[in-house]
Structure formats: structure tokens, C-alpha cells
Amino acid sequence: MYAQMIKSEATKDDPEKLATFQARIDAGDKIEPKDWMPEGYRKTLIRQIGQHAHSEIVGQLPEGNWITRAPTLERKAILLAKVQDEAGHGLYLYCAAETLGVTRDELTEMLLDGRMKYSSIFNYPTLTWADMGAVGWLVDGAAIMNQVPLQRTSFGPYARAMVRICKEESFHQRQGYDIMMKMANGTEAQKRMAQDALNRMWFPSLMMFGPSDAESVHSEQSMSWKIKMNGNDELRQKFVDQTVPQAEYLGLTVPDPDLKWNETKGGYDFTGPDWDEFFEVLKGNGPCNTERLAARNKAWDDGAWVREGLMAHAAKKRSAKMAAE
Amino acid sequence: MSNEWPLWEIFIRGQHGMSHRHVGSLHAADEAGAIKNARDVYTRRNEGVSIWVVEARNITASSPSEKGPMYEPSESKVYRHPTFFDIPDDVGAM
Ligand SMILES: [Fe+2]
Ligand SMILES: [Fe+2]
């Protein structure tokens with residue numbers, strides 16, 4: 001998902017405190033920043049919320065790529081608003097992570113030097129305007145699958161950030177699907193572009209949910225802490241079941257010859273993504289990893305004079321005010 | 001890092017004559033910047049008609065571990081609630 005392969009930290013705390021903590025979680029209590037929490041809970045959450053925040057921020061880049069080349073002024077304004085929302089999502093989440101005792105600059109630096117990750121999906125390029133449709137429809141669609149249950153996560157600030165984010169996501173998915181409808185019902189060339197976008201985005205979207213639960217060693221602890229609400233395979237299945245009819249409505253073909261409805265399980269059988277490719281992308285070898293990190297580093301470096309200038313201005317104003325008092 | 005923009009807590013009054021409510025936090029160099037950022041981060045869809053910003057370090061909070069002793073005085077005074085008193089139906093609405 002936006003947070004993939006989150007390693008949960010082992011915890012070496014007082015067993016009695018741990019038991020009380022777990023009882024609170026089981027009872028549906030929200031944990032707030034000043035409450036006692038196991039070290040492992042705190043560290044795992046910093047990693048998870050941090051990665052989620054980084055994904056929102058880096059996720060602006062593939063779509064930002066098309067803002068200046070949107071086909072109409074209206075599409076441009078809509079895409080701009082969507083990308084601005086993603087910046088907001090990043091900010092809500094960074095603030096939630098900061099309540100756990102990490103600073104914003106530390107989080108930023110860990111993204112910039114590669115110590116922290118962002119979602120694999122944003123290391124794929126957006127080659128045509130139809131990709132703006134596919135990203136909104138599939139990528140935001142997959143994100144919604146994961147974020148809706150996270151509104152009930154045990155850590156209060158994270159849950160509240162998720163509530164805000166979920167309110168805004170539906171617009172994202174709908175504007176994407178709206179682009180897809182326009183393209184799929186357009187000229188032959190437009191339809192080909194729409195199909196091509198689906199072909200390229202389908203498997204990377206399935207990867208967003210992370211490897212099969214059978215292979216993910218860390219989900220059990222995170223599940224009992226209620227910082228992971230569903231299994232990866234469960235969410236992936238739900239996403240496929242929801243998305244295939246939407247592709248059919250568009251008259252597009254999901255690029256999976258083995259895709260077929262399975263009456264007994266009440267869901268589709270489908271081909272999983274290429275996990276070797278997924279791990280390569282995570283290691284930094286995806287099509288756009290270098291470009292994305294370079295863009296974030298450049299933005300950070302180029303913005304340094306603004307950050308410093310505004311701080312100097314604020315300090316000057318403060319001392320002028322103190323002198324006047 | 002020493003030169004990081006300070007953290008501000010943001011309170012917003014919604015449309016309907018409600019009190020200001022805490023909505024989250026953000027970083028800004030000064031109060032004017034905090035209000036501008038709050039507008040962009042927390043009111044993109046008309047969520048507010050008024051914004052308060054308070055630098056986070058100026059907030060004093062009660063400690064959750066003292067929850068028991070802190071609120072004990074109110075827990076033992078059930079007679080503060082109107083339902084403590086049985087008023088016969090014949091008396092009418094009260
Ligand atoms: Fe988002
Ligand atoms: Fe989104």
C-alpha cells in the first residue's frame with residue numbers, strides 16, 4: 001500500500017504494562033501521543049506513518065508531470081486541486097508522525113537519503129494524459145481500499161488524519177475515472193491510449209497491497225496493535241473484484257488472460273504481479289526511483305533559502321517587537 | 001535541527017456558529033505564515049470561517065497518567081446530573 005513491507009519492531013517492555021496496553025487496544029481505545037506505549041509500537045508507527053506521508057508527497061510528481069499539459073483549462077484546474085490535496089495528505093500524516101517524537105526535518109532527511117521508503121507505485125512513469133485517468137482510478141482506488149479501514153486504527157492522530165484523507169479521496173478516484181470515460185469513449189487513438197494506460201498501471205497497482213500475507217512476517221504484531229487492519233491478499237482481492245466491472249464498463253480489457261470469475265469464492269481469480277520486479281523497485285531499481293528522489297532533493301535544496309529567510313525575518317520581527325515593549 | 005520552522009496547533013471555527021475546534025498542526029516561520037498555511041492545509045473545501053493558530057510549545061496539557069486523581073472530584077458528585085433527582089410525572093416537564 002502507501003506503506004508497504006513495514007517491519008514491526010520487537011518490543012522489550014514491562015510485560016504488565018504491555019498487557020494493559022493491549023487490553024486498551026482490544027477494547028477499542030484510542031492511544032494518544034502522551035499515553036504510555038511500547039517502544040515497538042512507537043517505532044513501527046513512525047516508520048509506517050512516515051512512509052505513508054512520503055508516498056503522498058512523492059506521489060505528486062507523476063501527476064505534477066501533466067499539470068502544464070492538461071488538455072483543457074478545466075482538467076488542469078482539477079488536476080492541480082487533486083495534486084494539492086496530496087500535498088495536504090502528506091502534511092496531515094507528517095504531523096501525526098511528529099507526535100511520536102520525530103521531527104519533520106528528520107523525516108524529510110530520511111526520505112531524501114533513502115533511509116525511508118515511499119510506495120513502489122510512484123516509481124513508474126506517467127507517459128500520456130490517459131495515465132492521469134488510470135492513476136486516479138486505480139492508484140487512488142487502491143489507496144482508498146487501505147485507508148478506509150485505517151480510519152479505525154488504534155493511534156488517535158493517525159486515525160484522525162485518515163478520516164480527513166478519506167473525505168478527499170473519493171474526488172480523486174472519480175476525477176480519474178471521468179478521464180478514463182472520456183478517453184474510452186473518444187477516438188480510436190484515445191481509446192488505445194486508455195487501454196495502454198490500464199495495461200501499464202494494472203500490475204503495479206496490484207503491487208501496492210504488498211506481498212502475500214503468507215510471506216509477510218510482520219503483519220501479525222501490527223494487526224494485534226491495530227495499526228494494520230486487513231491482510232494484503234484480502235485487500236488485493238477486494239480491489240480486483242471492485243475494479244474489473246469498472247474496466248468492463250469502460251470497454252477496456254484488464255491485461256490478465258487468466259482473469260475469471262470464480263463463483264464458489266464469489267470473487268475473481270487473477271494473476272498476481274511479478275514480485276521480483278516489486279523487490280527491484282523497492283531496492284531502488286524501478287524506472288523512476290532516481291528521478292523521483294532527485295526531484296525531492298532538488299526541491300529541498302532549492303527551498304533552503306526560503307525556509308531560512310522566513311525564519312530570519314520572523315526572528316527580526318520578534319526582536320523589534322520586544323524592543324518596542 | 002535547530003532551524004526548523006516551529007510547530008503550530010490549528011483551531012478552526014466551522015460554518016455553523018460552533019466553537020473553534022482543534023484540527024491538526026503544521027509548521028510555519030511565524031503566526032502570519034501559520035494562518036496562511038492553515039488556510040491551504042485545513043480549509044480547502046470551505047471547512048472554516050475563522051482560524052486560530054497557537055505555537056505548540058505554548059500549550060500546557062494535563063498529563064494522561066494523572067487521569068484518575070485529576071477527574072476524581074467530578075466523578076463522586078453524581079448529584080450534579082439532573083437525572084439524580086426523581087421528579088414525579090405529575091409535576092410536568094422540568
Ligand atoms: Fe492521498
Ligand atoms: Fe489521492
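Thresholds, definitions, all that
Sequence positions are assigned chain by chain, starting from 1 and proceeding in written order. Both sets of labels track the order of writing: A upward for chains, 1 upward for ligands. Totals for whole chains, interfaces and linings use every residue, but because this is a predicted model, local features are given only for residues with pLDDT of at least 70 and side-chain atom pairs only at 80 or more, for both listing and counting. Based on all heavy atoms of the structure, the side-chain values leave hydrogens and waters out of the count. Here a donor is an N, O or S atom found within 2.8 Å of the metal, or within 3.2 Å if the metal is Na, K or Ca; sites may look incomplete because water is not among the atoms. Comment: elements are numbered from the N terminus, with helices defined as DSSP H or I runs of at least four residues and strands as E runs of at least two. Three exposure classes are used, based on accessible area relative to the maximum for each residue type with a 1.4 Å probe and protein chains only: buried under 20%, partly exposed in between, and exposed over 50%. In what follows, residue pairs with any heavy atoms lying within 4.5 Å of each other are defined as contacts. Reported buried area values correspond to the accessible surface (1.4 Å probe) lost by two parts on association, with both partners' losses combined. By definition here, a salt bridge exists when the distance from a side-chain nitrogen of Lys or Arg to a carboxyl oxygen of Asp or Glu is within 4 Å. Throughout this description, a polar contact denotes any pair of N or O atoms lying within 3.5 Å of each other; where both atoms belong to protein, one of them has to be capable of donating a hydrogen while the other can accept it, and for residues adjacent in sequence the pair is counted only when both atoms sit in side chains. In the scheme used here, Gly and all other residues not listed as nonpolar or charged are polar, with Ala, Val, Leu, Ile, Met, Phe, Trp, Tyr, Cys and Pro taken as nonpolar and Asp, Glu, Lys and Arg as charged. Here the metal geometry follows the donor angles, with tetrahedral for four donors whose angles all fall between 85 and 135 degrees, square planar for four and octahedral for six when opposite donors are more than 155 degrees apart and every other angle is between 65 and 115, and irregular for all the rest. Residue types Ala, Val, Leu, Ile, Met, Phe, Trp, Tyr and Cys, when buried and joined through side-chain atoms within 4.5 Å, form a set referred to as a nonpolar core. When DSSP locates at least two bridges between a pair of strands, those strands are taken to pair. Helix axes are fitted to C-alpha atoms over the stretch in contact, other axes to C-alpha atoms as well, and angles between N-to-C directions run from 0 to 180 degrees. Looking at any residue, its pLDDT shows the predictor's confidence there, from 0 to 100.

Chain B has the name 1,2-phenylacetyl-CoA epoxidase, subunit B in an unreviewed UniProt entry, where Planktotalea frisia is given as its organism.

Chain A goes by 1,2-phenylacetyl-CoA epoxidase, subunit A in an unreviewed UniProt entry, where it is assigned to Planktotalea frisia.

Peer 1: Please clarify how the coordination of the iron ion (ligand 2) should be interpreted in this entry.
Peer 2: Ideal values differ by geometry: the angle at a metal is 109.5 degrees with four tetrahedral donors, but 90 or 180 degrees with six octahedral donors. Residues and elements named next belong to chain A. Looking at the iron ion (ligand 2), one finds its protein donor set to be E86 (OE), D140 (OD), E169 (OE) and H172 (ND1), positioned 2.0 to 2.3 Å from the metal centre. Read in sequence order, the donor residues coordinating the iron ion (ligand 2) give the pattern E-x53-D-x28-E-x2-H. If you look at the iron ion (ligand 2) and the iron ion (ligand 1), they sit 3.3 Å from each other and are both ligated by E86. Remark: E169 occurs in helix α7 (residues 156-184) and D140 occurs in helix α6 (residues 130-150); sequence separation between them is 29 residues. E169 carries the same exposure label as D140, and that label is buried.

Peer 1: What is the right way to look at the interface of chain A and chain B in this model?
Peer 2: In many reports, interface size means the accessible area that the parts give up when they come together. Across the contact, 24 residues belong to chain A and 20 residues belong to chain B. Between chain A and chain B, the buried area comes to about 1900 Å², and carbon and sulfur atoms account for 51% of it. Per-residue buried area on chain A facing chain B is highest for K34(A), R164(A) and M311(A); these three make up 26% of the total on that side. The salt bridge involving R44(B) is made with E168(A); its shortest N-O contact spans 2.9 Å. Here chain A is connected to chain B by 10 residue pairs in polar contact (both at pLDDT 80 or more). Those elements that provide at least two residues to the side of chain A that touches chain B are α4 (73-98), α5 (104-112), α7 and α13 (304-324) of chain A. No other element matches α13(A), which puts 8 residues into the side of chain A that touches chain B. Its residues assigned to classes, the side of chain A that touches chain B shows 8 nonpolar, 4 polar and 12 charged.

Peer 1: Is there a simple way to think about the coordination of the iron ion (ligand 1) in this case?
Peer 2: Residues and elements named next belong to chain A. Within the protein, E56 (OE), E86 (OE), H89 (ND1) and E169 (OE) serve as the donor atoms for the iron ion (ligand 1), at 2.1 to 2.7 Å. Each of the 4 donor atoms around the iron ion (ligand 1) contributes to a set of angles spanning 81 to 151°, which defines the coordination as irregular. Summarised as a motif, the one-chain spacing of the donors to the iron ion (ligand 1) is E-x29-E-x2-H-x79-E.

Peer 1: It is not clear to me how the nonpolar core should be interpreted in this structure. Could you clarify?
Peer 2: Burial of nonpolar side chains together is a common tendency in soluble globular proteins. Within the largest apolar cluster, 83 residues are counted, with the highest numbers of intra-cluster contacts made by Y41(A), I49(A), F155(A) and L26(B). Counting 5 residues, the second largest nonpolar core, distinct from the first, contains Y124(A), M207(A), F278(A) and V281(A).

Peer 1: Help me out: how do you make sense of the environment of Y177(A) in this one?
Peer 2: Residues and elements named next belong to chain A. Its place among the elements puts Y177 in helix α7. In this structure, the C-alpha to C-alpha distance between Y177 and A134, residues 43 residues apart in sequence, is 7.3 Å. In this structure, Y177 is in contact with G133, W137, Q246, Y249 and L250, ignoring residues within four places of it in sequence.

Peer 1: I keep staring at the sheet that holds strand β3 (residues 50-55) of chain B and nothing clicks. Help me out?
Peer 2: Note: strands within a sheet are paired through backbone hydrogen bonds, in either parallel or antiparallel orientation. All names here are of chain B. In space, the 3 strands of this open sheet follow the order β2-β1-β3, with antiparallel pairing throughout. The open sheet is flanked by β2 (21-27) and β3, the only strands paired with a single partner. When the angles between neighbouring strand axes are averaged without regard to direction, this sheet yields 30°. In the sheet, strand β1 (residues 7-13) pairs with β3 via 6 bridges, with the strands oriented antiparallel. Note on β3: the bridge partner recorded for I10 is V53. Docked against the sheet, helix α1 (residues 31-42) engages β1, β2 and β3, running at close to 115° with respect to β2.

Peer 1: What am I meant to see in unusual backbone geometry here?
Peer 2: Residues other than glycine predominantly adopt negative phi, and peptide bonds predominantly adopt the trans conformation. The phi angle at K226(A) is positive, at roughly 55°, despite the residue not being glycine. Relative to the helices and strands, K226(A) resides in the loop between α9 (219-224) and α10 (232-250).

Peer 1: Whenever I open this one, the environment of R307(A) confuses me. Can you help?
Peer 2: Counting through the fold element by element, R307(A) comes out in helix α13. A residue is classified by how much of its surface remains accessible, and R307(A), at 24% relative accessible area, is partly exposed. Residues within four places of R307(A) in sequence aside, it is in contact with W300(A) and W5(B).

Peer 1: Help me out: how do you make sense of the pattern of salt bridges in this one?
Peer 2: Overall, the coordinates contain 24 salt bridges over all chains when judged by the stated rule. Taken together, the shared-partner salt bridges connect E63(A), K82(A), E86(A) and D140(A) into one network.

Peer 1: Can you help me understand the confidence of the model for chain B in this one?
Peer 2: Residue and element names in this part refer to chain B. Looking at chain B, the pLDDT average stands at 90 and 95% of residues meet or exceed 70. Across chain B, the secondary-structure element scoring lowest on mean pLDDT is helix α2 (residues 67-75), at 78, and the one scoring highest is β3, at 97. Predicted complex, confidence summary: ipTM 0.88, pTM 0.93.

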